[in-house]
Structures are given as structure tokens and as C-alpha cells.
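Examining the three-dimensional arrangement
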Amino acid sequence: MTNYDADLLILGAGPAGLSAAQYGARAALRVLVLEQLAPGGQALLIDTLENYPGLIPARSGFDFADVMRRQAENFGARFITATATSVSATGARHSVPFTVTLDDGKKLTALTVLVATGARHRLLGIPGERELAGMGVSYCATCDGPFFKGKKIFVVGGGDAACDEARYLARLSPHVVLIHRRAEFRAQKALVERVMNDPRIEVRLNTRMLEIHGSNKVSSVALETNGVTHEESADAVFIFAGSVPQVPDLPPLLTNNDQGYIITDQSMTTSIPGIFAAGDVRATPFRQVVVAAAEGAIAAHSAAAYIDELER
């Protein structure tokens, strides 16, 4: 089966896509990776990647992604800059091949497709948030929390992630302030109770963050509580307002959860045979670089096995 553009067409070149590209190409698959910006995805925003197993000394997310890309290319994977807008199954009953339509109208065909398009953090949309991202504004406590040991940390959000991450940050600093714009949390009751009973966490409800101030790093925040505004010093702001999966238009039989994340089995296979998903776009309880890389490797292995079945 060679009358297709790729055996494995990977949408997205974050850690999941890069790992899949390496494993797929090493398994002698013709691998083509589409990335709309630069290989690395959200890993490019990591200033110092220090918690990836075996990575000593720590390096920037950019350097890490660059090595992964070069590894994949050395095994034969190809990369092109493009955005996939839709994936369709042109065979009977969603069999092969799959056709991927790009934003310029061009179409590519493949025996298998891996959706590794990731997710983007839901922004608060307040002044200073974008400008100070990576300079005290963060969306990942396990990634950046250790840089603020003993510092004054604000956590924004009212769901499970905000409560979990506030408790993690409280292990690093006794000066954690968790704010939520509503009068009660939407997180699980057990999580809320743990937060409320943690003396290292100050909880402020009915409180909104209006602005984040600082030059090259966070120095203060503007808050509104019950209609009263004031400014307060801060060293870091961790925002957990949810995330939004970046999912292209996929065949209608593909199963997503109620938040739009793609559901797969342990082999990263979706509800449509031949379409796989890995990384932050997948319904997963823990979004980390190491998790995404592992899922990408599994997806590539599963795609190779699927193609073997087709050829038989």
C-alpha cells in the first residue's frame, strides 16, 4: 500500500507528535508530521524543563523539542508547516484511506492518522497575562512551582485542577492564595475540604483577578472582592481556568467526552479504527511532557500494528 502520502499522518508536533514520529519512522512507516507553528507545541513555553526523567542538566523546552524533531528526521520522518482543518474517511465504513484537508485547501491521504493537536489553556483575558507568561504567570504547577519556593503565589480557579494545584504549591510555599470569582467552588467536595483545612492556603471567594503587573516578572496583582478593588504584591500567578482541546473537524463517529477531549483505549485507538489520539487532546488525567511522549510512542506502535493487519 504505497499510493498514499503517508502510512502515518501526524497532526501536531508537540511531545506526543514528535515521539510518535520517531517511533513510527523507526518502525519503517512513512511518517508525515503537520505542525502549524514550530515543532514543540506548548513545550516551547517551558523555560527550564527539569522534571523530564533522565534529562540532566535541565534544558529549555525549545532545545528539548529541537532534539526530538532531529531524532525523528534522522529516522526518516518528514515535517511540513500546515494546519489540518478536517479529517475524513473515504473508504466504506470508515476504512482506509483517510483524507486530511489543510487550511490552504490541499488534501493529503494516509493509512492512519494520529491526532496530537494538543490543547490550549483557557485564558483569563486580563492585562498582563500574556505579557508575563513564563515570567511568573503559569498554567502548570508541577512545571513551574519549584521556581517559587517560599514565595507569594496566587492561584486562580474553582475546579478540581485549581484545588489540586493549590495543594501541590502549598508544599512549596506557605504563602498560597486561592481565589475564585464565585461564592463556592465547583471542585469535588473532598478536594475543597482539603484546601479549606490547609493552613498554608488562604481562600478568597467572590474574588476576581483584574490585572497582573510587573516588568520582566510578576510583582503585583489587581483584585476585586465583592466590588472593592485593591492591589497586592505577588511573585507568581498560576491560572487554572480550564483548557480547550484543539480538535480538527473529525468523522462524526469519533467519540469525545463532554469537554471535547478525544476518548481512546489504552492503545490510543479512538472509536474509529485507524485514527489515534495522544497528548493533551486526549482525555487523560495527567497532562505532562513525559505522559504525552509515552502516549505518542504507544500510538505509533498501535498504528504500525494496524497497518500490518491491513496488509495481511
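See the structure shown above.
This part takes up the overall build of the chain. Each helix and strand in the chain was counted, giving six helices and 17 strands. Its C-alpha radius of gyration of 21 Å places the chain within 12% of the 20 Å reference for a compact globule of 312 residues. C-alpha atoms of the chain, sized along the principal axes, occupy 65 × 40 × 35 Å. Within the chain, the proportion of its 312 residues that are buried is 49%. Across the chain, contacts joining residues at least 24 apart in sequence account for 59% of those joining residues at least 6 apart. With the model as given, the accessible surface of the chain reaches about 15,000 Å², and the carbon-plus-sulfur share is 50%.

So, about a positive patch on the surface. Residues Arg120, Arg122, Arg130, Arg181, Arg182 and Arg186 make up a contiguous surface patch of positive charge. Residue placement: Arg120 occurs in strand β7 (residues 119-121).

Right, let's talk about the layout of surface pockets for a bit. Space inside the second largest pocket adds up to approximately 360 Å³. Lining of the second largest pocket is provided by 18 residues; of these, Leu124, Val156, Gly157, Arg181 and Ala241 occupy positions nearest its centre. A total of four residues in the lining of the second largest pocket trace back to one element, the largest contributor, which is strand β12 (residues 207-213). Of the residues belonging to the lining of the second largest pocket, the class tally is nine nonpolar, four polar and five charged.

Among the residues of helix α5 (residues 189-196), those classed as buried are Leu191, Val192 and Val195. Taken end-on, α5 shows its buried residues confined to a sector of 100°, consistent with a single buried face. Of the surrounding secondary structure, the elements contacted by the buried residues of α5 are α4 (160-170), β10 (176-179) and β11 (201-204).

Take the packing of aromatic side chains next. The tally for this structure, following the rule as stated, stands at three aromatic pairs. When the ring of Phe276 is compared with that of Tyr306, the centres are 6.4 Å apart and the planes differ by 80°; the resulting orientation is edge-to-face. Placement of the pair is Phe276 in strand β17 (residues 275-277) and Tyr306 in helix α6 (residues 289-311), with a sequence separation of 30 residues. Residue Phe276 shares its accessibility class with Tyr306, and that shared class is buried.

Burial of the side chains of strand β9 (residues 153-156) extends over both faces: Ile153 and Val155 are buried on one face and Phe154 and Val156 on the other. Two elements, β9 and β10, share four bridges in a ladder whose sense is parallel. In the sheet register, Val155 faces β10, and the bridge partner there is Leu178. As a crossover connection, the stretch from β9 through α4 into β10 is right-handed.

Within the secondary structure, Ser19 sits in helix α1 (residues 15-26). Reaching out from Ser19, the side chain makes a polar contact with the backbone oxygen of Ala293 at a distance of 2.7 Å. The contacts of Ser19, once residues within four sequence positions are left out, are Met68, Ala293, Gly296 and Ala297.

The five strands lie next to each other as β8-β15-β9-β10-β11, forming an open sheet whose pairing is parallel. In this open sheet, the two strands that pair with only one neighbour each are β8 (137-138) and β11. Inspection of the sheet shows β8 paired to strand β15 (residues 236-239) by two bridges, in the parallel sense. Residue Ser138 lies in a different strand from β15, and its bridge partner there is Phe238.

Attention now moves to the state of the cysteines. Here a disulfide denotes one covalent bond, and it connects the sulfur atoms of two cysteines. For the structure on display, the rule yields one disulfide. Across the disulfide, Cys140 is cross-linked to Cys143 (sulfur-sulfur distance 2.3 Å). The sign of the S-S torsion, about 70°, decides the handedness of the disulfide formed by Cys140 and Cys143: right-handed. An identical accessibility class is assigned to Cys140 and Cys143; each is buried.

Calculation notes
Residues numbered from 1 in each chain as written. Predicted model: local features only at pLDDT ≥ 70, side-chain atom pairs only at ≥ 80, totals over all residues. Heavy atoms only, no water. Helix = DSSP H or I, 4+ residues; strand = E, 2+ residues; numbered from the N terminus. Rg over C-alpha atoms; globule rule 2.2 N^0.38 Å. Buried < 20%, exposed > 50% of the residue type's maximum accessible area, 1.4 Å probe, protein only. Contact = heavy atoms within 4.5 Å. Areas by Shrake-Rupley, 256 points an atom, 1.4 Å probe, with all protein chains shown as cover. Patch = residues over 30% accessible without salt bridge, like charges linked within 9 Å, V, L, I, M, F, W, Y side chains within 5 Å. Salt bridge = Lys/Arg side-chain N within 4 Å of Asp/Glu carboxyl O. Lys, Arg positive; Asp, Glu negative; His and termini not counted. Charge placed at Lys NZ, Arg CZ, Asp CG, Glu CD. 1 Å grid on protein atoms, 1.4 Å probe; cavity = no way out; pocket = protein on both sides within 12 Å on 5 of 7 lines; lining within 4 Å. Points joined across faces, edges and corners; volume = space filled by probe spheres on them. Nonpolar A, V, L, I, M, F, W, Y, C, P; charged D, E, K, R; others polar. Arc of directions from axis to C-beta. Phe/Tyr/Trp six-rings, centres within 6.5 Å; stacked < 30°, edge-to-face > 60°. Pairing = 2+ DSSP bridges. Right-handed = clockwise from strand over helix to strand, strands pointing away. Polar contact = N/O pair within 3.5 Å; in protein donor to acceptor, adjacent residues only side chain to side chain. Disulfide = S-S within 2.5 Å.

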